[in-house]
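Inside the fold
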Amino acid sequence: EHFEQMVQRQNAEALAGEKLGWKITPWLNLDHNFNFYPNLTDAGEYRLDTSTALSTQITKRFSLNTTFTDHYISQPLAGRGNNEIVLTTGLGVTF
């Protein structure tokens, strides 16, 4: 593949983050993570991502899963938004 006028970004970044896992009940789990990437090349620019997942076990092998994810960049490319927000749902299978 070849893309015309492709903007390349080359930056040094740091990483700070947290992860949380909580078994609310024997059949309900909550997982959360947050990552912050300050740009070391261009001061003041940063990006972050966060996600929160809720998993409900419905049988010994199956679970219902819902996840909320947000990706944020302080200085997006021209014509792009700062946030990408995603909500996913699914059925999990344990082997």
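Residues numbered from 1 in each chain as written. Predicted model: local features only at pLDDT ≥ 70, side-chain atom pairs only at ≥ 80, totals over all residues. Heavy atoms only, no water.

What follows is about the sheet that holds strand E4 (residues 62–73). Taken together, the 5 strands give an open sheet; going across it, the order is E1-E2-E3-E4-E5, and neighbouring strands pair in antiparallel fashion. The open sheet terminates on both sides in strands that have one partner only, identified here as strand E1 (16–25) and strand E5 (83–93). The sheet shows a mean angle of 10° between the axes of neighbouring strands, direction not considered. Of the strand pairs in this sheet, E1 and strand E2 (residues 28–38) are connected by 9 bridges, and their pairing is antiparallel. (Pairing = 2+ DSSP bridges. Helix = DSSP H or I, 4+ residues; strand = E, 2+ residues; numbered from the N terminus. Axes fitted to C-alpha atoms, helices over the stretch in contact; angles between N-to-C directions.)

It is worth spelling out the environment of Leu30 at this point. Looking at the secondary structure, you find Leu30 in strand E2. Separated by 49 residues in the primary sequence, Leu30 and Gly79 have C-alpha atoms spaced 35 Å apart. Once residues within four sequence positions are removed from consideration, Leu30 is found in contact with Leu20, Gly21, Trp22, Ile24, Thr52, Ala53 and Leu54. (Contact = heavy atoms within 4.5 Å.)

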